[in-house]
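Residue-level structural notes
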Amino acid sequence: AIVALCLVCALVGGGFGGVIAGSLNGDDAQPQTTLNQENTPTTTGSSVSNNSSGEMSARDIYYNLALKQVVGINSDITTNVWGMQVQGSVSGTGFVISEDGYILTNNHVIEGASNITVSMHDGTEYDATLVATDSQSDIAVLKINATGLTPVTFGDSDSLSVGDLAVVIGNP
């Protein structure tokens, strides 16, 4: 009876709070959202359009670089939960580091994994083999049977300063 009374009080109080908040904001306070659909630009390999300062826009980074370099990683895992074997799936992200199919990802994405699959931007999927892993730095290297891939270009973190724009792109 006490639990039921608490639930009724919570529902009534929530309802009155919503009515009061709605009346304070008024109908004019509702934000209007307009969605504009743009055509997706055609990827053209490594061609990018720079602005006058020589920096790429986030759009250029995504469509001209990351789209072909970032991959999705899916795997099956078996883990121990309170003494019981539990099977599940893991989805993560990685990126191409060589033209001949080496992929860099996080160790926690593939730790204890089997049936590792790498998905490319065009929907192509490859079975992956675990090459190396380091749990302390949370890094893992996979290998897929592919050639002619577009590897990521590593930047120089020493040239960054606090407040510089950073773009992080992942697959999942």
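Conventions adopted
Every chain is numbered on its own, with residues counted from 1 as its sequence reads. Local features in a predicted model are, by the rule used here, given only for residues with pLDDT of at least 70; side-chain atom pairs are given and counted only at 80 or more, and totals for whole chains, interfaces and linings are based on all residues. Only heavy atoms go into the side-chain values, all of them from the structure, while hydrogens and water stay out. Two joining distances apply to patches: 9 Å for like charges and 5 Å for nonpolar side chains (Val, Leu, Ile, Met, Phe, Trp, Tyr), and every residue must have over 30% relative accessible area and no salt bridge. All accessible areas in this document rest on Shrake-Rupley with a 1.4 Å probe, and a residue is counted as covered only by the protein chains that are shown. For salt bridges, the criterion is a side-chain nitrogen of Lys or Arg within 4 Å of an Asp or Glu carboxyl oxygen. Put simply, DSSP marks the helices as runs of H or I at least four residues long and the strands as runs of E at least two long, and each gets a number from the N terminus on. Each residue's exposure class comes from its accessible area (1.4 Å probe, protein chains only) as a fraction of the maximum for that residue type: buried when under 20%, exposed when over 50%, partly exposed otherwise. Two strands pair if DSSP finds at least two bridges between them. Helix axes use the C-alpha atoms of the stretch in contact, all axes being lines fitted to C-alpha atoms, and the angles between their N-to-C directions lie in the range 0 to 180 degrees. Contacts were defined at the residue level, with two residues in contact if any of their heavy atoms lie within 4.5 Å. In this scheme Phe, Tyr and Trp rings, the latter by its six-membered ring, pair at centre separations within 6.5 Å, and the angle between planes marks the pair as stacked below 30 degrees, edge-to-face above 60, and tilted otherwise. Charges are assigned to positions over rings by a cutoff of 6 Å between ring centre and Lys NZ or Arg CZ, combined with an angular limit of 35 degrees from the ring normal.

Let's talk about a nonpolar patch on the surface
Where nonpolar side chains cluster on the molecular surface, the patch consists of Val81, Trp82, Met84 and Val86 and spans about 470 Å² of accessible area. Turning to its location among the elements, methionine 84 is positioned in strand 2 (residues 84-96). What makes methionine 84 exposed here is its relative accessible area of 54%.

Examining the sheet that holds strand 6 (residues 139-144)
Strand order in the closed barrel formed by six strands is 1-2-3-6-5-4, with antiparallel pairing between adjacent strands. The average angle at which neighbouring strand axes cross in this sheet is 35°, direction not considered. The pairing of strand 4 (residues 113-119) with strand 5 (residues 125-134) spans three bridges and is antiparallel. Directly across from serine 119, in strand 5, lies its bridge partner glutamate 125. Its contacts with the sheet put helix 2 (residues 58-69) on strand 1 (70-81) and strand 2, and the angle it makes with strand 1 is roughly 40°.

Points about the packing of aromatic side chains
Tallied over the entire structure, the rule returns zero aromatic pairs. Cation over ring: lysine 143 sits above tyrosine 102, and NZ or CZ is 5.2 Å from the ring centre.

That is the geometry; function is a separate question.
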